[in-house]
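Descriptive analysis of the structure
For reference, the chains in residue letters:
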2 protein chains.
Amino acid sequence: MFKVKAIIKRRKSILDPQGKAAEQGAKLLGLNGVNSVRVDKMIDFMINSNDSDEAGKIADEFCVKLLSNPIMEDYEFTLEKVNES
Amino acid sequence: MFKVKAIIKRRKSILDPQGKAAEQGAKLLGLNGVNSVRVDKMIDFMINSNDSDEAGKIADEFCVKLLSNPIMEDYEFTLEKVNES
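The structure presented is a predicted model; accordingly, all values stated were derived computationally and were not measured.

1. Brief notes about the overall build of chain A
The helix and strand inventory of chain A stands at two helices and three strands. Of the regular secondary structure in chain A, the N- to C-terminal order runs β-α-β-α-β. The principal-axis extent of the C-alpha atoms belonging to chain A is close to 50 × 30 × 15 Å. In chain A, which comprises 85 residues, the proportion classed as buried is 41%. Carbon and sulfur atoms provide 52% of the accessible area of chain A, an area that totals close to 4,900 Å². Treating the 13 positive side-chain charges of chain A as one cloud and the 14 negative ones as another, the clouds have centres 8 Å apart.

2. Here's the deal with the pairing of strand β1 (residues 2-10) of chain A
All names here are of chain A. Of the strand pairs in this sheet, β1 and strand β2 (residues 34-47) are connected by seven bridges, and their pairing is antiparallel. Its bridge partner being in β2, Ile8 is matched across the sheet by Lys41. Pairing of β1 with strand β3 (residues 73-81) involves nine bridges; the strand directions are antiparallel. Counterpart to Ile8 in the pairing with β3 is Tyr75.

3. Structural notes on the side chain of Glu23(A)
All names here are of chain A. Structurally, Glu23 is set in helix α1 (residues 17-28). Within polar-contact distance, the side chain of Glu23 engages the backbone nitrogen of Val37 at 3.4 Å. Setting aside chain neighbours within four positions, we find Glu23 in contact with Val34, Asn35, Ser36 and Val37.

4. Points about the sheet that holds β3(A)
Read across the open sheet, the six strands follow the order β3(A)-β1(A)-β2(A)-β2(B)-β1(B)-β3(B); overall the sheet is antiparallel. Of all the strands in the sheet, the pair left with one neighbour each is β3 of chain A together with β3 (73-81) of chain B. Each strand axis lies, on average, 20° off the axis of its neighbour in the sheet, ignoring direction. On the sheet, helix α2 (residues 52-67) of chain A packs against β1, β2 and β3 of chain A together with β2 (34-47) of chain B and is oriented at approximately 155° with respect to β3(A).

5. Describing the packing of aromatic side chains
All names here are of chain A. Overall, the coordinates contain four aromatic pairs over all chains when judged by the stated rule. Judged by centre distance (6.5 Å) and plane angle (0°), the rings of Tyr75 and Phe77 are stacked. A residue is classified by how much of its surface remains accessible, and Tyr75, at 29% relative accessible area, is partly exposed. The class of Phe77 is partly exposed, set by a relative accessible area of 24%.

6. Thoughts on the pattern of salt bridges
All names here are of chain A. The full count for this structure, using the stated rule, is 12 salt bridges over all chains. With a shortest N-O distance of 2.9 Å, Arg11 and Asp74 are connected by a salt bridge. Note that Arg11 is positioned in the loop between β1 and α1 and Asp74 in strand β3, a separation of 63 residues in sequence. Relative accessible area serves as the criterion here: at 39%, Asp74 is assigned to the partly exposed category.

So, how was this worked out
- Residues numbered from 1 in each chain as written.
- Chains lettered and ligands numbered in written order.
- Predicted model: local features only at pLDDT ≥ 70, side-chain atom pairs only at ≥ 80, totals over all residues.
- Heavy atoms only, no water.
- Helix = DSSP H or I, 4+ residues; strand = E, 2+ residues; numbered from the N terminus.
- Buried < 20%, exposed > 50% of the residue type's maximum accessible area, 1.4 Å probe, protein only.
- Areas by Shrake-Rupley, 256 points an atom, 1.4 Å probe, with all protein chains shown as cover.
- Lys, Arg positive; Asp, Glu negative; His and termini not counted.
- Charge placed at Lys NZ, Arg CZ, Asp CG, Glu CD.
- Pairing = 2+ DSSP bridges.
- Polar contact = N/O pair within 3.5 Å; in protein donor to acceptor, adjacent residues only side chain to side chain.
- Contact = heavy atoms within 4.5 Å.
- Axes fitted to C-alpha atoms, helices over the stretch in contact; angles between N-to-C directions.
- Phe/Tyr/Trp six-rings, centres within 6.5 Å; stacked < 30°, edge-to-face > 60°.
- Salt bridge = Lys/Arg side-chain N within 4 Å of Asp/Glu carboxyl O.

In structure tokens, the structure reads:
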């Protein structure tokens, strides 16, 4: 079994409206000095497999085909083997 | 200047519909063995301050009042001092 932590980030060059909105909100709340806010996705999941190559392939396909938008997002993930209990 | 990395997670006991949808999608794509998908938010931002106490207070307030929903989400953040260039 593998525990996967994937991070999906919008490319730096692409505007992040959610981050901009949060930044604006901080200003309205009087939180001075907050800037460069970027909101990204972090996805945790498990893969039932004992082969790290297979698990890596599944995680990669999951990220490419479903979790990220390849036009404007980059992804990275880490695999961690966990013992079944 | 401080670089802040905040992670907003839905509590384990609360259903995560976005994660469920991704899990369902993985099944439809034929990616077997993907389960326990949880989609969380990761927010990176900068705080213009040289006082770590003040920066911590601002980051905490930003998380509580704006970034997280205290009814069903937990948050954590790390502060990292960066040199202004």
